[in-house]
Amino acid sequence: MRDPAIRWYPSKVDVWIFVLLLLLPLVELGITIGSLIAGAWTAAAIGLIAFLFVVCLYAGCVLPMRYGLDDEFLVVRFGICRSRVRIGNILEVYRTSNPLRSPALSLDRLWIQHGPRWDQAVMISPRDQDGFLADLAARVPLEPSGRGWKKSNSS
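Below: a short report on this structure. (Residues numbered from 1 in each chain as written. Predicted model: local features only at pLDDT ≥ 70, side-chain atom pairs only at ≥ 80, totals over all residues. Heavy atoms only, no water.)

The next thing to look at is the nonpolar core. The biggest cluster of nonpolar side chains holds 25 residues, and the ones touching the most others in it are Y67, L74, V93, I112, I124, F132 and L136. Looking at this core, the elements that each hand over two or more residues are α2 (41-61), β2 (65-69), β3 (73-78), β6 (109-113), β7 (121-124) and α3 (129-139). Discounting chain neighbours no more than four positions away, the residues touching I124 are Y67, V76, P103, A104, D108, R109, L110, I112 and F132. (Core = buried A, V, L, I, M, F, W, Y, C linked by side-chain atoms within 4.5 Å. Buried < 20%, exposed > 50% of the residue type's maximum accessible area, 1.4 Å probe, protein only. Helix = DSSP H or I, 4+ residues; strand = E, 2+ residues; numbered from the N terminus. Contact = heavy atoms within 4.5 Å.)

Dropping the structure here:
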C-alpha cells in the first residue's frame, strides 16, 4: 500500500541500461526455447532456471525503482529494498554522472550527501530532476553552492 503523504519520482532510465536489462532475460529465454526445440531437456531446464533467476533478481533488486519525499524522509525504493534518509541530515546535493553502483537506472544522477563520511551518500536518478530538487528544497533549506546546493547555515 502506498503512503499518500509520500510524493514519488520514478527513476530515469537510460536506453543503453534498458537494453542491457532486457537483453539478459531475452537471451536466457531464447536459449530455453532453442533447447526445447532441439530436444535438449537438461539445457532447457538450466535455461529456464537462469531465466527465472534473472526475473526474480530484477523483481527483488531493480523494479520498481523510484524515489519518494515526505516531510521527514527521502525514501529510495529499488525492488523489494527500501532505504530511508532523514531529510534533516541532507548536507549537499549536486548533479553527477558517476558510474559507481547506486539505485539508479541512469547516469544522469543526483549525489545526495547525508553525513560527513564518503559512505553517507546516495546517488539517485529521478526522471524529473528539477521537480525533485524543487520539492526537496521546499523541505530542506538548500542554497546554491559551487557545484550544486548545500544546506543553509541558518538551519
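A separate point is the packing of aromatic side chains. Under the definition given, this model contains 2 aromatic pairs. Ring centres of Y9 and F132 lie 5.3 Å apart, and the angle between their planes is 85 degrees; on these two criteria the pair is classed as edge-to-face. Here the residue Y9 occupies a position in strand β1 (residues 7-10), and F132 occupies one in helix α3, the gap between them amounting to 123 residues. Comparing Y9 with F132, the two get one shared label, buried. Arranged with centres 5.9 Å apart and planes meeting at 15 degrees, the rings of Y94 and W111 form a pair that is stacked. Taken together, the positions of Y94 in strand β5 (residues 92-96) and W111 in strand β6 put the pair 17 residues apart, joining distant regions of the chain. (Phe/Tyr/Trp six-rings, centres within 6.5 Å; stacked < 30°, edge-to-face > 60°.)

Here the focus is the packing of helix α1 (residues 15-38) against α2. At a closest axis distance of 7 Å, the pairing of α1 and α2 adopts a crossing angle of 160 degrees. By the angle between their axes, α1 is roughly antiparallel relative to α2. Every pair of crossing elements has a handedness; the one defined by α1 and α2 is left-handed. Taking contact as the criterion, the partners of L20, L21, L24, P25, E28, L29, T32, S35 and L36 in α1 are, on α2, W41, A43, A44, G47, L48, A50, F51, V54 and Y58. Across the contact of α1 with α2, the residue classes break down as 14 nonpolar, 3 polar and 1 charged. (Axes fitted to C-alpha atoms, helices over the stretch in contact; angles between N-to-C directions. Parallel < 35°, antiparallel > 145°, perpendicular 65-115°, else oblique. Left-handed = near helix turned anticlockwise from the far one by under 90°. Nonpolar A, V, L, I, M, F, W, Y, C, P; charged D, E, K, R; others polar.)

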